[in-house]
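Residues per chain, in single letters:
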Amino acid sequence: EIQAFHLEAKHASDLELSQARGEIDDLRRRLERSERHVQESEQGAEVKLLDLQTRLREAEDARRQLHNTIQELRGNIRVFARVR
């Protein structure tokens, strides 16, 4: 009777251990998927950041060029008005 109890306890313990290992494996797979997702998101964010930085630089260049053109035209108007 005691031996049967020990055998039953061992079986229950083995079953619990097996279930725990299954849960651990499942959690590891979920963690790996989450890590891949985060890594993909980071890569996407880096690409987007580089694109935005490029667009910002282009916009700043265009603004600077327009500013210089406006300043030049103002000077031309002053000269024209002074000559008349």
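Quick note: structure is the one above.
Keep in mind it's a predicted model, so treat the numbers as computed, not measured.

Here is what the cut-offs are and how they apply
Residues numbered from 1 in each chain as written. Predicted model: local features only at pLDDT ≥ 70, side-chain atom pairs only at ≥ 80, totals over all residues. Heavy atoms only, no water. Salt bridge = Lys/Arg side-chain N within 4 Å of Asp/Glu carboxyl O. Helix = DSSP H or I, 4+ residues; strand = E, 2+ residues; numbered from the N terminus. Buried < 20%, exposed > 50% of the residue type's maximum accessible area, 1.4 Å probe, protein only.

**Q** Lay out the pattern of salt bridges in plain terms, naming residues and giving numbers.
**A** Enumeration according to the criterion identifies three salt bridges in this entry. Of the charged contacts, one joins Asp14 and Lys10 as a salt bridge, the two residues approaching to 3.1 Å between their closest N and O atoms. One end of the pair, Asp14, and the other, Lys10, are both in helix H1 (residues 2-83), four residues apart, so they sit about a helical turn from each other. One salt bridge in this structure joins Arg64 and Asp61, with 3.0 Å as the shortest N-O distance. Within this pair, Arg64 and its partner Asp61 are both found in helix H1, separated by three residues, close to a single helical turn. With relative accessibility at 40%, the residue Arg64 sits in the partly exposed group.

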